[in-house]
Amino acid sequence: MASSVPVEIEKVGDREVRILWEDGHVSRYANVDLRLACACAGCVEEFTGERRITPDQIASDVRPTAMELVGNYAVQITWSDGHATGIYTFERLRSMG
């Protein structure tokens, strides 16, 4: 599988997050899509896997206000809508982008 280790994670303007991976691949994620992809217990029902949030519940101008590494495997994003409990694993991000 391709390398799941980011070299750089950055906000690009107010619309996307860009990740440069160790193998040179660049992934770009629209903020709205990334916010909607949150897999925390508040966004996804833990037992059924059913999504608790829908696209119409995410503001079109949502954006990261902070991003912090979680160990060597994930990034936690604090969003402009106040949501901050989701952890995005590098493996999942790589498979999304």
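Residues numbered from 1 in each chain as written. Predicted model: local features only at pLDDT ≥ 70, side-chain atom pairs only at ≥ 80, totals over all residues. Heavy atoms only, no water.

Visitor: Summarise the sheet that holds strand β2 (residues 16–21); cite the residues concerned and give the values.
Guide: Paired through backbone hydrogen bonds, the strands of a sheet run either parallel or antiparallel to each other. Strand order in the open sheet made by the 3 strands is β1-β2-β3, with antiparallel pairing throughout. Edge positions in the sheet fall to β1 (6–12) and β3 (26–30), since each of these pairs with one other strand and no more. The sheet shows a mean angle of 15 degrees between the axes of neighbouring strands, taken without regard to direction. Of the pairings in the sheet, the one linking β1 to β2 comprises 6 bridges and is antiparallel in character. Looking across to β2, one finds that Glu8 is bridged to Leu20. (Pairing = 2+ DSSP bridges. Helix = DSSP H or I, 4+ residues; strand = E, 2+ residues; numbered from the N terminus. Axes fitted to C-alpha atoms, helices over the stretch in contact; angles between N-to-C directions.)

Visitor: With reference to specific residues and values, describe empty space enclosed by the protein.
Guide: Here the structure, examined in full by the defined rule, presents 1 cavity of 30 Å³ or more. Estimates place the volume of the largest cavity at around 30 Å³. Residue lining of the largest cavity: Ile9, Val17, Ile19, Tyr29, Leu34, Val75, Ile77 and Leu93, and that is the complete set. Listing elements by their share of the lining of the largest cavity, those giving two or more residues are β2 and β5 (74–79). Among the residues forming the lining of the largest cavity, the class breakdown is 8 nonpolar, no polar and no charged. (1 Å grid on protein atoms, 1.4 Å probe; cavity = no way out; pocket = protein on both sides within 12 Å on 5 of 7 lines; lining within 4 Å. Points joined across faces, edges and corners; volume = space filled by probe spheres on them. Nonpolar A, V, L, I, M, F, W, Y, C, P; charged D, E, K, R; others polar.)

Visitor: Lay out the sheet that holds strand β4 (residues 64–70) in plain terms, naming residues and giving numbers.
Guide: Pairing in this open sheet of 3 strands is antiparallel, and the strands run β4-β5-β6 from one edge to the other. The two strands at the open ends of the sheet, each matched to only one other strand, are β4 and β6 (87–89). Between one strand axis and the next, the sheet turns through 30 degrees on average, direction left out of account. Inspection of the sheet shows β5 paired to β6 by 3 bridges, in the antiparallel sense. Bridge assignment links Val75 to a residue of β6, and that residue is Tyr88.

Visitor: So, the pairing of β2: which residues are in play, and what are the values?
Guide: Linkage of β1 to β2, two consecutive antiparallel strands, is achieved through a turn of 3 residues, within which Gly13 is found at a positive phi near 60 degrees. Alignment of β2 against β3, held across 5 bridges, turns out to be antiparallel. Bridging across to β3, Ile19 finds its partner in Ser27. Once β2 ends, the chain turns through 4 residues before running back antiparallel as β3, passing Gly24 with a positive phi of about 95 degrees.

Nothing here speaks to function; it is all geometry.
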